[in-house]
Amino acid sequence: MALVPYEETAGMGLQRFHKPLATFSFANHTIQIQQDWKQLGVAAVVWDAAVVLSTYLEMGAVELRGCCAVELGAGTGLVGIVAALLGAHVTITDRKVALEFLKSNVQANLPPHIRPRAVVKELTWGRNLGSFSPGEFDLILGADIIYLEETFTDLLRTLEHLCSNHTVILLACRIRYERDHNFLAMLERPFTVSKVHYDPEKDVHIYKAQKRNLREDL
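Just so we're clear, the structure is a prediction, and the values are computed from it rather than from any experiment.

Some words on the overall build of the protein chain
- Looking only at helices and strands, the protein chain has six helices and nine strands in total.
- Counting only residues that meet the buried cut, the protein chain has 50% of its 218 residues in that class.
- By sequence separation, contacts in the protein chain at least 24 residues apart represent 68% of the contacts at least 6 residues apart.
- Split by element, the accessible area of the protein chain, about 10600 Å² in all, is 49% carbon and sulfur.

Here we look at the pairing of strand S3 (residues 68–72)
- Burial within S3 is extensive, with four of its five residues counted as buried.
- Where S3 meets strand S4 (residues 89–94), four bridges bridge the pair, whose relative direction is parallel. The residue of S4 that forms the bridge with valine 70 is threonine 91.
- Viewed along the sheet, the connection from S3 through helix H3 (residues 78–85) into S4 turns out right-handed.
- Where S3 and strand S6 (residues 139–143) come together, four bridges link them in parallel fashion. By the bridge assignment, leucine 72 is partnered in S6 with glycine 142.

With respect to the nonpolar core
- Of all hydrophobic cores here, the largest spans 45 residues; its most connected members are Leu53, Leu57, Leu78, Leu139 and Leu170.
- Residues within four places of leucine 139 in sequence aside, it is in contact with Val62, Leu64, Cys67, Cys68, Ala69, Val70, Thr167, Val168 and Leu170.
- Counting 26 residues, the second largest nonpolar core, distinct from the first, contains Leu155, Leu159, Phe183 and Met186.

Quick notes on the packing of aromatic side chains
- Counted under the stated rule, the structure contains three aromatic pairs.
- With a centroid separation of 6.4 Å and 25° between ring planes, the pair formed by phenylalanine 24 and phenylalanine 26 is classed as stacked.
- With relative accessibility at 17%, the residue phenylalanine 24 sits in the buried group.
- Across from the ring centre of phenylalanine 132, 4.2 Å away, lies the NZ or CZ of lysine 121, which sits over that ring.
- Lying across the ring of tyrosine 198, lysine 195 places its NZ or CZ 5.5 Å from the centre.

Things to note about the packing of helix H2 (residues 48–58) against H3
- Interaxial distance between H2 and H3 falls to 9 Å at its minimum, and their mutual angle equals 10°. Considering their axes alone, H2 and H3 lie roughly parallel with respect to each other. Each of Ala50, Val51, Leu53, Ser54 and Leu57 in H2 lies in contact with H3, whose residues at this interface are Leu78, Val79, Val82 and Ala83.
- Class assignment of the residues belonging to the contact of H2 with H3 gives a composition of eight nonpolar, one polar and no charged.

Quick word on H2
- When you tally the buried positions in H2, you get nine out of eleven residues, the bulk of the element.
- Those residues of H2 lying buried are Asp48, Ala49, Ala50, Val51, Val52, Leu53, Ser54, Tyr56 and Leu57.
- Looking one or two residues beyond H2, the residue adopting positive phi is glycine 60, at roughly 85°.

With respect to the sheet that holds S4
- Strand order across the open sheet formed by seven strands is S5-S4-S3-S6-S7-S9-S8, with mixed pairing between neighbours. The open sheet has two free edges, formed respectively by strand S5 (118–122) and strand S8 (191–199), since each of these has just one partner strand. Strand-to-strand twist of the sheet, defined as the mean angle between neighbouring strand axes without regard to direction, takes the value 20°.
- In the packing of helix H4 (residues 99–109) onto the sheet, the strands contacted are S4 and S5, and the crossing angle to S5 comes to about 175°.

Description of the packing of helix H5 (residues 152–162) against helix H6 (residues 178–187)
- Remark: H5 packs on H6, axes separated minimally by 11 Å, with the N-to-C direction vectors making an angle of 30°. Of the two elements, H5 crosses H6, and the hand of that crossing is right-handed. Taking contact as the criterion, the partners of Phe152, Thr153, Leu155, Leu156 and Leu159 in H5 are, on H6, Arg179, Phe183, Met186 and Leu187.
- Across the contact of H5 with H6, the residue classes break down as seven nonpolar, one polar and one charged.

About the cut-offs
- Residues numbered from 1 in each chain as written.
- Predicted model: local features only at pLDDT ≥ 70, side-chain atom pairs only at ≥ 80, totals over all residues.
- Heavy atoms only, no water.
- Helix = DSSP H or I, 4+ residues; strand = E, 2+ residues; numbered from the N terminus.
- Buried < 20%, exposed > 50% of the residue type's maximum accessible area, 1.4 Å probe, protein only.
- Contact = heavy atoms within 4.5 Å.
- Areas by Shrake-Rupley, 256 points an atom, 1.4 Å probe, with all protein chains shown as cover.
- Pairing = 2+ DSSP bridges.
- Right-handed = clockwise from strand over helix to strand, strands pointing away.
- Core = buried A, V, L, I, M, F, W, Y, C linked by side-chain atoms within 4.5 Å.
- Phe/Tyr/Trp six-rings, centres within 6.5 Å; stacked < 30°, edge-to-face > 60°.
- Lys NZ or Arg CZ within 6 Å of the ring centre and 35° of its normal.
- Axes fitted to C-alpha atoms, helices over the stretch in contact; angles between N-to-C directions.
- Parallel < 35°, antiparallel > 145°, perpendicular 65-115°, else oblique.
- Nonpolar A, V, L, I, M, F, W, Y, C, P; charged D, E, K, R; others polar.
- Left-handed = near helix turned anticlockwise from the far one by under 90°.

That's the geometry; what it means functionally is another story.
Spelled out as structure tokens, the structure:
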């Protein structure tokens, strides 16, 4: 679902995605992310939402030291890598087809003493949820994972499974289409949702969500 065919005639705006290496500086580390658009499409390039969410984490918006976090639809793993460098214990997830590529980026960018804090694990939304304990995470991270309408129900089911009453969800996205608003409306049924950050240069929003208190709905 997250893969798209490679097109040699892709527009000028996509040229940066075709580069085999993207370099960033976060948490006092240089991070070099391998990209492989030709083989894995959108799952293997760094999107602006991942950069904005990584910057937001680096700003100290949430306490990451000792935090138990999970990244959904991680792709290249940039957000999960940054979270681990900032002190979180992170489970970095994607579908099976992207896992080896994801693992290589995580291992290449985390110093040996930090690697034990990052686990790469398969997660297909709405499918293999049994391999995750309900409500086991303090923080759920997602960068540009709201774009395919056919995945919305499974994504919402996954978020509900992974969340406890204290879990914080941070979703970074560019609002491109009406369907993006539709997902946010779906999210607002079981969760309270607020916009906590906007990057005007990259046109990326960050939304924070938490499970609704049942008393609020009575």
